[in-house]
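One-letter residues, chain by chain:
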Amino acid sequence: LVAEHMQLVAKRLLSDQPQRRIHYEATGRVASLAYTWKVPSFSVSGDDHGRVFSPIFRSGGDEWQLKLSKGGEVEGQLGIFLKCLNAVGGVTLEAYFTLKLHNQTPRKSVQKIAEHEFKHTPKPHTGWMNGDWGWSEFIELEKLSAGFLVDDTLTVEVSIERRNE
């Protein structure tokens with residue numbers, strides 16, 4: 001019954017967001033999501049700190065977002081991070097995930113794998129901190145011209161496997 005419900009949720013997600021490639025499946029106590037984000041006009045995108053945020057994407061009841069940091073975390077490096085937006089109010093979400101930066105030559109694509117507990121935690125004197133997790137040194141910015149940027153578009157993919165409670 002849970003798997004049937006998750007399939008219905010997945011169909012709704014796919015119909016609500018036709019411009020994005022999203023794959024979602026649930027079996028037992030594991031939910032999986034794959035999301036591909038194309039970042040057009042990459043060279044001129046970002047805020048004053050070199051950060052670019054993906055649209056929010058959903059999986060079941062979870063909301064996720066990707067963040068790119070163009071030299072803002074570590075100079076000369078592209079950082080890629082995943083954030084769970086609904087890990088709030090004492091909720092902890094355990095996830096295994098893969099972040100992949102696509103290269104036009106697939107075997108040159110770069111991917112990194114992590115396991116993390118996303119949670120909303122108090123931060124002394126500044127309120128609450130809802131941390132993201134990823135790599136501040138995913139790849140050197142100068143290497144992006146070697147097949148990662150195609151027509152000034154960068155393609156990032158995330159695969160998430162979340163353990164249900």
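Up top you'll find the structure we're talking about.
Thresholds, definitions, all that
Just so you know, the residues in each chain are numbered from 1, in the order the chain's sequence is written. Predicted model: local features are reported for residues with pLDDT of at least 70 only, side-chain atom pairs are reported and counted for 80 or more only, and whole-chain, interface and lining totals are derived from all residues. Working from all heavy atoms in the structure, the side-chain values ignore hydrogens and water. Put simply, DSSP H or I for four residues or longer makes a helix, DSSP E for two residues or longer makes a strand, and each gets a number counted from the N terminus. Burial classes follow relative accessibility: with a 1.4 Å probe on protein chains only, a residue under 20% of its type's maximum area counts as buried, one over 50% as exposed, and anything between as partly exposed. For this analysis, residues touch if any pair of their heavy atoms sits within 4.5 Å. The protein chains shown are the only cover counted for residues, whose accessible areas, like all others here, come from Shrake-Rupley with a 1.4 Å probe. What counts as a ring pair is set by centres within 6.5 Å for rings of Phe, Tyr and Trp (its six-membered ring), and what kind of pair is set by the plane angle: stacked under 30 degrees, edge-to-face over 60, tilted for all other angles. Here, a charge over a ring is recorded when the distance from Lys NZ or Arg CZ to the ring centre is within 6 Å and its angle to the ring normal is within 35 degrees. Just to be clear on terms, a salt bridge is a Lys or Arg side-chain nitrogen sitting within 4 Å of an Asp or Glu carboxyl oxygen.

S.K.: Explain the overall build of the protein here, please?
M.R.: Secondary structure summary: the protein contains 1 helix and 11 strands in total. Starting at the N terminus, the α and β elements of the protein follow one another as α-β-β-β-β-β-β-β-β-β-β-β. Burial status across the protein gives 40% buried among its 165 residues. Contacts in the protein between residues at least 24 apart in sequence constitute 59% of all its contacts with a sequence separation of at least 6. As displayed, the protein offers around 9300 Å² of accessible surface, 51% of which is attributable to carbon and sulfur atoms.

S.K.: When you look at the packing of aromatic side chains in this model, what are you seeing that I'm missing?
M.R.: Remark: the centre distance and the inter-plane angle together describe each pair of aromatic rings, the angle taken between the planes. Evaluation of the coordinates by the stated rule reveals 5 aromatic pairs. On the basis of an interplanar angle of 10° and a centroid distance of 3.9 Å, the ring pair of Tyr-35 and Phe-57 is categorised as stacked. One end of the pair, Tyr-35, is in strand S2 (residues 30-39); the other, Phe-57, is in strand S4 (residues 57-59), and 22 residues separate them in sequence. Among the aromatic side chains, those forming a connected cluster through ring pairs are Trp-64, Phe-97, Phe-118, Trp-135 and Phe-138. A cation sits over an aromatic face here: Lys-67 above Phe-81, 4.7 Å from the ring centre.

S.K.: I'm lost on the pattern of salt bridges in this one. Help?
M.R.: Two side chains that carry opposite charge are able to pair once their charged atoms sit near each other. As enumerated under the stated definition, the model contains 4 salt bridges in all. With its nearest N and O atoms 2.4 Å apart, the salt bridge here joins Asp-62 to Arg-162. A residue pair is termed long-range when its members are at least 10 positions apart, and Asp-62 in strand S5 (residues 62-70) and Arg-162 in strand S11 (residues 154-163) qualify at 100 residues. A relative accessible area of 8% means that Asp-62 is categorised as buried. For Arg-162, a relative accessible area of 13% translates into the label buried.

S.K.: Would you mind showing me how to read unusual backbone geometry here?
M.R.: It is generally the case that most residues other than glycine have a negative phi and that most peptide bonds are trans. In this model, Asp-151 sits at a positive phi of 55°, which is unusual for a non-glycine residue. Note that Asp-151 resides in the loop between strand S10 (133-140) and S11. Look at Asp-151 and you get exposed, because its relative accessible area is 75%. For Asp-152, which is not glycine, the phi torsion reads 60° and is therefore positive. Along the chain, Asp-152 turns up in the loop between S10 and S11.

Remember, this is a structural readout, not a statement about activity or role.
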